[in-house]
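# Breakdown of the fold
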Amino acid sequence: MNTIKLNDSWLKHLKSEFSKHHMLQLKKFLKSEYDAKKIIYPKKSEYFKALDLTPLDQVKVVILGQDPYHGPDQAHGLCFSVNDGIRFPPSLKNIFKELNSDLGVEIPLSGNLERWAKQGVLLLNSVLTVEDDKAASHQKQGWEQFTDKIIEVVNQECDHVVFILWGAYAQKKASFVNQKKHLVIQCVHPSPLSSHRGFFGSKPFSKTNAWLKKNRLKPINW
């Protein structure tokens, strides 16, 4: 992680994290994975892409994911998002279906969500790396504490943020968010396993924009 440069707005609050035990252990773990010639996603330069594309002072919305996608060319540092030209994973397909139902937005040709990130949507996974074809392989190595800190910083430093928490994992991770100053939208995960139990029809996108307008913030062009 020596080669990684973090956006200044985040670095001010996160710099001290990199010297903590969990991050030093994580660094050792990642080095051992690369030394063993394992394929890791996303590439090193994209570990912190969510933070780079959405500076702290521009955060309006936080969407929490769990792990990066573990297939070739899918993960690029933003939760639920895939690189241009990559087939939509099932959860992303359902997100686009709900967006279409909610706001009438046509289902896009690309699953790359950088356009959301650049408008203030922090697309944060709980764990920022994964081994090829091994889901959840980098859980409990230190990333979770680091991303907990990111949520804590947003909670403390920002006002009127919308936290979109899909599924029990995200809801538990952000359970401490101050709902007196932020809006928390919770429902089941968009995975095909749960999407028909309350994800479809939940209207997170229109609810988000209504909140932003109410607080005199520019809505997201989803």
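Now for a quick tour of the structure. (Residues numbered from 1 in each chain as written. Predicted model: local features only at pLDDT ≥ 70, side-chain atom pairs only at ≥ 80, totals over all residues. Heavy atoms only, no water.)

Of all five residues in strand β2 (residues 61-65), five are buried; the element is thus mostly enclosed. Residues of β2 alternate between two faces, with V61, I63 and G65 on one and V62 and L64 on the opposite face, all of them buried. Sheet analysis places β2 next to strand β3 (residues 121-125), joined by five bridges and oriented parallel. Bridge assignment links G65 to a residue of β3, and that residue is N125. In this sheet, strand β5 (residues 162-166) lies alongside β2 in parallel orientation, the contact comprising three bridges. Opposite V62, over in β5, you have F163 as the bridge partner. (Buried < 20%, exposed > 50% of the residue type's maximum accessible area, 1.4 Å probe, protein only. Helix = DSSP H or I, 4+ residues; strand = E, 2+ residues; numbered from the N terminus. Pairing = 2+ DSSP bridges.)

Turning to the packing of helix α4 (residues 90-103) against helix α8 (residues 204-214), a few remarks are in order. The geometry of α4 relative to α8 is characterised by a closest axis approach of 8 Å and an angle of 60° between their N-to-C directions. Comparing the axis directions of α4 and α8 gives the class oblique. Along the contact surface, α4 presents I95, E98, L99, D102 and L103, while α8 presents P204, F205, S206 and N209. Looking at side-chain class alone, the contact of α4 with α8 contains five nonpolar, two polar and two charged residues. (Axes fitted to C-alpha atoms, helices over the stretch in contact; angles between N-to-C directions. Parallel < 35°, antiparallel > 145°, perpendicular 65-115°, else oblique. Contact = heavy atoms within 4.5 Å. Nonpolar A, V, L, I, M, F, W, Y, C, P; charged D, E, K, R; others polar.)

For the rest of this paragraph, the subject is the packing of aromatic side chains. In this description, an aromatic ring pair is defined by two values, namely the gap between the centres and the angle between the planes. Counting across every chain of the model gives 15 aromatic pairs. Taken together, F80, W116, W166, F199, F200, F205 and W222 form an aromatic cluster joined through their ring pairs. The cationic tip of K44 hangs over the ring face of Y34; the distance from NZ or CZ to the ring centre is 4.5 Å. (Phe/Tyr/Trp six-rings, centres within 6.5 Å; stacked < 30°, edge-to-face > 60°. Lys NZ or Arg CZ within 6 Å of the ring centre and 35° of its normal.)

That is the geometry; function is a separate question.
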